[in-house]
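Structure at a glance
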Amino acid sequence: MAPAAMTPASSLSEARPVSFWLDDPGRPAPQPALTGDEHCDLLVVGAGYSGLWTALLAKERDPRRDVVLIEGHEAGWAASGRNGGFCAASLTHGFANGLARWPGELAKLEELGARNLDAIEAAVARYGMDCDFERTGEIDVATEPHQVEELREMQREAEELGFGGSEFLDRDAVRAQVDSPTFLGGVWDRHGVAMLNPAKLAWGLKEACLGLGVRIYEHTPGLDLAASGAGMAVRTPYGRVFARGVALGTNIFPSLVKRVRPYIVPVYDYALTTEPLSDEQLASVGWKNRQGLGDSANQFHYFRITPDHRILWGGYDAVYPYGGRLSADLDHRPETYLKLAGHFFRCFPQLEGLRFSHAWGGAIDTCSRFSAFFGTAHKGKVAYAAGFTGLGVGATRFGADVMLDLLAGEHTERTELEMVRSKPMPFPPEPLAWTGISMTKWSLARADENGGRRNLWLKAMDRLGLGFDS
């Protein structure tokens, strides 16, 4: 009897329930927790990308500055170690979102974003971060006929406004890059996105910070924040940190500045990685230029190939838990893994029989304008950045610079931006948040099924500049 054909469910039977990036024997040991009191010039809370870049840039700006970094778990353990490894130049969650929100300063935002990505590449080289950084670009692919014209129009509009660097690919051209029968066209941004190993980037930033004299305490959550003399004090489980200034890089975790909390909600995102492709399987797909890819639906997938020839496949479901609940129980969602596996084999039927090695999820901090917002508290002694909405691998470095500018009270090209000076609309309390997000997700799914046509609810959200995304 012939063996039964592999199903999406059976392809997941050996998948490890942990981020592929974090499942690494080279994962560094954590630094000890803080016990007792510490004093410093700058305290950074959170050792994801946001906090790590802030600590590193603070020391680069002034090597004499005494910097302490505290982290509730381990550096890079949350979104920074679970994402797809797309490091984009965009600070605005893509060209279209930036054009809709800040058309008058989009040229400056694009320039700052390009410089920021260049600076990340330079830092990776300068500190010898072994994070598989590859400046391969990204292809936005169309998988429905209406998306082809939408991509063509977006690329044409970007060129007319003077933003070059992208190339429209017809069906044959995109399939010559990565072969899927579902691909109908695409736009290749050749220089504005790099691929990297996200956990190794976080670990490399941690090592660089330690090398510059930053004192890092892991398994040390910040419990509360209060004024203390001319500075601030943050209480931790076994001690306190007294600092002249505080930078909050906590993102999706509850901000120590409580008024910031209504501006962000958690979105749980999920991903799979395959076992390594054989030479024959790799040849059937192509992908010689190793770009990142994302499809153009509202409920979209992102996918890329790793240095050892696995395919990472994530996205589509963006799950908001009622009340914004954060829980390790939500890091895994078998029904989403099964859905993603089915979608994967629809995209790449030539890879039937391939198994998945890892399946995981985690929370992303999203805000109603899809890109980061910034601010200060306690008379300028505390700065924060949050709401990166899934595009934080690159933009968090820019956010770190903004926080340091704000703490210094400096007027810079960054702090003068409307994007930096304005706030998104906060999310309403429950049950309104749940109802609104559920209606938006339902409407986005209907639009995908209906040739991209947006219903009255989405049109109203568009007029108000509101939405929901991962």
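Preceding this paragraph is the structure being described.
What this report covers is the structure whose coordinates are included nearby. (Residues numbered from 1 in each chain as written. Predicted model: local features only at pLDDT ≥ 70, side-chain atom pairs only at ≥ 80, totals over all residues. Heavy atoms only, no water.)

1. Focus: the packing of aromatic side chains
Under the convention used in this document: Note on aromatic pairs: the rings of Phe, Tyr and Trp (six-membered ring only in Trp) are paired at centre separations within 6.5 Å, and the planes decide the class, stacked below 30 degrees, edge-to-face beyond 60, tilted for the rest. Only lysine NZ and arginine CZ atoms are considered, and such an atom sits over a ring when it is within 6 Å of the ring centre and within 35 degrees of the ring normal.
Across all of its chains, the model carries 22 aromatic pairs by this definition. An aromatic cluster is built from Phe183, Trp287, Phe303, Trp313, Phe344, Phe345, Phe348 and Phe356, whose rings are joined through pairwise contacts. In this structure, arginine 190 is placed above the aromatic ring of tryptophan 188, and the distance from its NZ or CZ to the ring centre is 3.8 Å.

2. Some points on the layout of surface pockets
Let me state the cut-off plainly: Buriedness for pockets is judged along seven lines, at least five of which must meet protein on both sides within 12 Å for an open set on the 1 Å grid over protein atoms alone, while cavities are sets there where a 1.4 Å probe fits but cannot get out, and lining residues have an atom within 4 Å of a point. Grid points are joined across faces, edges and corners, and a volume is the space filled by probe spheres set on the points. Only DSSP runs of H or I reaching four residues or more are called helices, and only runs of E reaching two or more are called strands; each is numbered from the N terminus. Classification convention: Asp, Glu, Lys, Arg as charged; Ala, Val, Leu, Ile, Met, Phe, Trp, Tyr, Cys, Pro as nonpolar; all other residues, Gly among them, as polar.
The space that makes up the second largest pocket amounts to roughly 450 Å³. Around the second largest pocket, the lining comprises 18 residues; the ones closest to its centre are Thr143, Glu144, His301, Tyr316 and Arg346. Within the residue set of the lining of the second largest pocket, elements represented by two or more residues are β14 (301-305), α9 (334-347) and α12 (432-449). Residues that form the lining of the second largest pocket fall into these classes: 7 nonpolar, 6 polar and 5 charged.

3. Here we look at the nonpolar core
Here is the rule we go by: Buried Ala, Val, Leu, Ile, Met, Phe, Trp, Tyr and Cys residues that are joined via side-chain atoms within 4.5 Å together make up what is termed a nonpolar core. Only protein chains enter the accessibility calculation, which uses a 1.4 Å probe; a residue is then buried when its area is under 20% of its type maximum, exposed when over 50%, and partly exposed in between.
Of all hydrophobic cores here, the largest spans 51 residues; its most connected members are Trp53, Phe133, Leu201 and Leu205. Elements that contribute at least two residues to this core include exactly β1 (36-45), α2 (49-61), β2 (67-70), α4 (106-126), α7 (198-211), β18 (382-386), α10 (392-408) and α11 (418-421). In terms of nonpolar packing, the next biggest core, distinct from the first, is built from 35 residues, Ile139, Val178, Tyr270 and Leu272 among them.

4. Overview of the pattern of salt bridges
Here is the rule we go by: Basic side-chain nitrogens of Lys or Arg form a salt bridge, by our definition, when they fall within 4 Å of a carboxyl oxygen of Asp or Glu.
Enumeration over the complete set of coordinates arrives at 35 salt bridges. One salt-bridge network, in which partners are shared between bridges, spans Arg61, Arg397, Asp401, Asp405 and Arg414.

5. Examining the side chain of histidine 343
Looking at where histidine 343 falls in the secondary structure, it is placed in helix α9. For histidine 343, a relative accessible area of 12% puts it in the buried group.

6. Regarding a nonpolar patch on the surface
As a reminder of what qualifies: Exposure above 30% relative accessible area and the lack of any salt bridge qualify a residue for a patch; like charges then connect within 9 Å, and the nonpolar side chains Val, Leu, Ile, Met, Phe, Trp and Tyr within 5 Å. Values of accessible area rely on a 1.4 Å probe in the Shrake-Rupley scheme; residue burial ignores everything except the protein chains shown.
A contiguous nonpolar surface patch, about 300 Å² in accessible area, is contributed by Met439, Trp442 and Trp457. Its place among the elements puts tryptophan 442 in helix α12. On the basis of relative accessible area, tryptophan 442 is assigned to the partly exposed category, the value being 47%.

7. Section: the packing of α12 against helix α13 (residues 456-464)
The description of two helices packed together rests on the angle between their axes and the distance between the axes. The cut-off we apply is this: Lines are fitted to the C-alpha atoms to define the axes, a helix being fitted only along its stretch in contact, and any angle between axes, read from their N-to-C directions, falls within 0 to 180 degrees. For classification purposes, angles smaller than 35 degrees are called roughly parallel, those larger than 145 roughly antiparallel, those between 65 and 115 roughly perpendicular, and all remaining angles oblique. Each crossing gets its handedness from the near helix: less than a right angle anticlockwise from the far helix is left-handed, clockwise is right-handed. Contact between two residues is taken to exist if any of their heavy atoms lie within 4.5 Å; hydrogens are not considered.
Two numbers describe how α12 lies on α13: the axes approach to 9 Å, and their chain directions differ by 115 degrees. Judged by the inter-axis angle, α12 sits roughly perpendicular to α13. Here the hand of the crossing between α12 and α13 comes out left-handed. Judged by residue contacts, Gly436, Met439, Thr440, Ser443, Leu444 and Ala447 of α12 engage Trp457, Leu458 and Met461 from α13. The residue makeup of the contact of α12 with α13, split by class, is 6 nonpolar, 3 polar and no charged.

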